[in-house]
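Structural overview for review
So you can see what is in the structure, the chains are spelled out below.
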Amino acid sequence: MADTAIFDVDGTLVDTNYQHALAWSRAFRRYGITRPMWRIHRGIGMGGDTFVPEIGGHDVEQAYGEDLRQAWVQEFDQLIGEVQPFEGAHELLAEVKERGFRLVLASSGKTQHVETFLDLINAKSLADAWTTSDDVAKSKPEPDIVATALAKVHGASGIMVGDSIYDAQAAAKLKIPVIGVRTGGFSVGELQEAGVLQVFDSLIAFRHALDGTPLARARH
């Protein structure tokens, strides 16, 4: 049994993945680089340090890596006003907290973006802690952000909730189980293949099924 619930933010609690994809597409095109939008979308969930070489290639990373990441921030800043929370996000967090779990919101996003998202779902009053890109050297699928989240609340064991295979890969490196939601666009099969225990179509469906998940009750 776990004592800490670790929630991914982007794509899991707030509906950001397509804005991220569009921002990356526009950032690449500033440098005359075009990548298919479907390919960009498939990389959403990685941090920018991993995303650029994975999607752009190592030559692009060497030539433009930091510039591309800065361009992405500028492009995403223009889209952030369109981001909406997923229905039931606040209610899910409140119920998990009520069931006795420490609650950490684990994001490797920029601090200003994370702050905006937490305000969208009114999460600051619920969360015991949250993370940003300032807290880690490497982003998902490396496990740094998950380890940092657990350490912030001195948790002994955690359950991760995420929307992407990269959440699962990061948590698996720490042997932390993962519950998945399909809000990131990954299929049930892909999430299960990445090691996700249970997959739900929405946060509302997940909350209604909490009693049948590892987030039924916290270990004390």
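In what follows, the accompanying structure is described. What you see is a predicted model; the values in this text were computed from it and never measured. (Residues numbered from 1 in each chain as written. Predicted model: local features only at pLDDT ≥ 70, side-chain atom pairs only at ≥ 80, totals over all residues. Heavy atoms only, no water.)

Here we take up the pairing of strand β6 (residues 158-162). The buried count for β6 comes to five of five residues, which makes it a mostly enclosed element. Pairing geometry for strand β1 (residues 4-8) and β6, over four bridges, is parallel. Bridging from a neighbouring strand, I6 pairs with M160 of β6. As judged from the three bridges shared by β6 and strand β7 (residues 178-181), these two strands associate in the parallel manner. Note that in β7 the partner of G162 across the bridge is G180. Read from β6 through helix α8 (residues 165-172) to β7, the crossover connection turns out right-handed. (Buried < 20%, exposed > 50% of the residue type's maximum accessible area, 1.4 Å probe, protein only. Helix = DSSP H or I, 4+ residues; strand = E, 2+ residues; numbered from the N terminus. Pairing = 2+ DSSP bridges. Right-handed = clockwise from strand over helix to strand, strands pointing away.)

What follows is about the packing of aromatic side chains. Tallied over the entire structure, the rule returns nine aromatic pairs. With a centroid separation of 5.1 Å and 20° between ring planes, the pair formed by F200 and F206 is classed as stacked. Connected via pairs of aromatic rings, a cluster forms that spans W24, F28, F51, W72, F76 and F117. (Phe/Tyr/Trp six-rings, centres within 6.5 Å; stacked < 30°, edge-to-face > 60°.)

Further remarks concern helix α4 (residues 58-77). At Y64, α4 is deflected by roughly 80°, the largest bend along its length. Among the residues making up α4, those that are buried are V60, G65, L68, R69, A71, W72, V73, E75 and F76. Buried residues in α4 make contact with α1 (17-30), α3 (48-56) and α6 (111-120). (Bend = angle between axes of the 7 residues up to and from the residue. Contact = heavy atoms within 4.5 Å.)

Worth remembering: the numbers are spatial, not functional.
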